[in-house]
Amino acid sequence: PSGGGALYYYNGNVGIGTTEPAGTLHVSNASSTNALVVCAAGTSCGGNVGIGTTTPAQKLSVVGTIESTTGGIKFPDGTTQATANGTAKTWVYFSATTPTILASYNVGSITKNGVGDFSINFTVPFSSANYACAGIAGNGDNPDKHIIVYSMAANNIRVITGYSSAPTTKSDYLFNHVVCFGNQ
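Residues numbered from 1 in each chain as written. Predicted model: local features only at pLDDT ≥ 70, side-chain atom pairs only at ≥ 80, totals over all residues. Heavy atoms only, no water.

Draft legend 1. Local environment of the overall build of the protein chain. For the protein chain, the count of helices and strands is zero helices and 17 strands. Across the 184 residues in the protein chain, those meeting the buried criterion constitute 28%. By sequence separation, contacts in the protein chain at least 24 residues apart represent 36% of the contacts at least 6 residues apart. When the accessible area of the protein chain is evaluated, it comes to approximately 10,600 Å², of which 56% is carbon and sulfur surface. (Helix = DSSP H or I, 4+ residues; strand = E, 2+ residues; numbered from the N terminus. Buried < 20%, exposed > 50% of the residue type's maximum accessible area, 1.4 Å probe, protein only. Contact = heavy atoms within 4.5 Å. Areas by Shrake-Rupley, 256 points an atom, 1.4 Å probe, with all protein chains shown as cover.)

So this is what it looks like as structure tokens:
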């Protein structure tokens, strides 16, 4: 490598704070060895930019949290999302007999309190018990099933599954879906 001070030229790449730059431009500092890597097209990282990584796999690869203090994030369809509000904070698809989680987001476990009575325990709790949930249940046969929200706490929700025509009768179903929205 050649250079003086903290600027280096190595194998056609420029390094600031590094003697062996991994991309066309590689900036390092004492707190992060891969603060910024910019790669030219046709190189091993194909014209991508990496923050916190020397091997960016996308046009922009970031290791760590991305913060937008104003404006939000713009998507390919032209829409901008300025807040995470409105997105599901937790959801689960489960079978009632065991119960078994078949797919989920932010659900650590489900406790069966009895026939048709379940506590869904969140991995990351809500900021309070002021959130909204909806659900559906069934065996794949007819739509005369429901999920009733029985009680809500910041770290879990208790739901009851049963027939719409007999709301006090609890029953277990093969397919149960619950989704919740709110602040975490």
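Once you've had a look at it, read on.
Draft legend 2. The packing of aromatic side chains, seen in detail. On inspection of all chains with the given rule, the structure shows six aromatic pairs. Both rings, one in Phe 122 and one in Tyr 131, keep their centres 5.9 Å apart while their planes meet at 75 degrees; by these two values the pair is edge-to-face. The residues Phe 122 and Tyr 131 share a single accessibility class, namely buried. Relative to Tyr 173, the ring of Tyr 163 lies with its centre 5.9 Å away and its plane at 85 degrees, an arrangement referred to as edge-to-face. (Phe/Tyr/Trp six-rings, centres within 6.5 Å; stacked < 30°, edge-to-face > 60°.)

Draft legend 3. Inspection of the sheet that holds strand 17 (residues 175-181) at higher detail. Taken in spatial order, the four strands of this open sheet run 11-10-17-14, and their pairing is antiparallel. The two strands at the open ends of the sheet, each matched to only one other strand, are strand 11 (100-105) and strand 14 (132-138). If you compare each strand with its neighbour and ignore which way they point, the axes differ by 10 degrees on average. In this sheet, strand 17 lies alongside strand 14 in antiparallel orientation, the contact comprising seven bridges. Pairing of Ala 137 across the sheet is with Asn 176, part of strand 17. (Pairing = 2+ DSSP bridges. Axes fitted to C-alpha atoms, helices over the stretch in contact; angles between N-to-C directions.)

Draft legend 4. Summary view of unusual backbone geometry. Residue Pro 99 is bonded to the preceding Thr 98 through a cis peptide linkage, with omega at -15 degrees. For Pro 99, the location among the structural elements is in the loop between strand 10 (90-95) and strand 11. One non-glycine residue, Asn 11, lies in positive phi territory at about 50 degrees. Among the secondary structure elements, Asn 11 is positioned in the loop between strand 2 (7-10) and strand 3 (13-16). In this structure, Asn 106 takes a positive phi of about 65 degrees despite not being glycine. Within the secondary structure, Asn 106 is located in the loop between strand 11 and strand 12 (107-114).

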